[in-house]
Amino acid sequence: MSGIAKYSNIKEELPKLPEVLLNTIQSDVLEIKRVDKTCEKYLGACSKTPEFKDVYYVVYSKYIGKDNHKYEKFIFLGKEGEELFDVSGTEMELYGLLSCTALNYTQEYEASMSKR
């Protein structure tokens, strides 16, 4: 998806997002999702790792299949996009932990997706 930015409001919503993550998310190499703070998986993670309560987003590769998640690092972000910590796929699965983000697709990205 060269040259097409994915989200129109990512800089406003996540002003502290590191530039390397911003660029890889915008170029559709990595995916960002909001963490569902009401799910059992989140509540369990908070009881094991107290700093998990500060997590709002997670960045991951959408191209790595479930069978290979053990080789991946999930990057957890705070409310403004600041990087908090990462967890390997051997330590945690994301399934059941994610919800939609408040980020809006750009018109160009939506148009390119409709052509697929």
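Predicted model, so just to flag it, every value in this text is computed and none were measured.

Caption draft 1: Structural view of the pairing of strand β4 (residues 83-88). Relative to β4, strand β3 (residues 73-77) runs antiparallel, the two sharing five bridges. Looking at the pairing, F74 lines up with V87 of β4. Adjacent in sequence and paired antiparallel, β3 and β4 are bridged by five residues, among which G81 carries a positive phi angle near 95 degrees.

Caption draft 2: Spotlight on the side chain of E31. As for its position among the elements, E31 is in strand β1 (residues 31-35). Within polar-contact distance, the side chain of E31 engages the side chain of K6 at 2.9 Å. In terms of polar contacts, E31 uses its side chain to reach the side chain of Y7, at 3.1 Å. For E31, the residues in contact, after removing those within four places along its chain, are K6, Y7, V58, V59, Y60 and K62.

Caption draft 3: View of the pairing of strand β2 (residues 57-60). Because side chains alternate across β2, one face comprises the buried residues Y57 and V59, and the other comprises V58 and Y60, equally buried. As judged from the four bridges shared by β1 and β2, these two strands associate in the antiparallel manner. Bridging across to β2, K33 finds its partner in V58. One ladder, built from three bridges, connects β2 with β3; its direction is antiparallel. Residue pairing across strands places V59 opposite I75, the latter belonging to β3.

Reading the values: the criteria
- Residues numbered from 1 in each chain as written.
- Predicted model: local features only at pLDDT ≥ 70, side-chain atom pairs only at ≥ 80, totals over all residues.
- Heavy atoms only, no water.
- Pairing = 2+ DSSP bridges.
- Helix = DSSP H or I, 4+ residues; strand = E, 2+ residues; numbered from the N terminus.
- Polar contact = N/O pair within 3.5 Å; in protein donor to acceptor, adjacent residues only side chain to side chain.
- Contact = heavy atoms within 4.5 Å.
- Buried < 20%, exposed > 50% of the residue type's maximum accessible area, 1.4 Å probe, protein only.

By themselves, these are just geometric observations and shouldn't be taken as functional.
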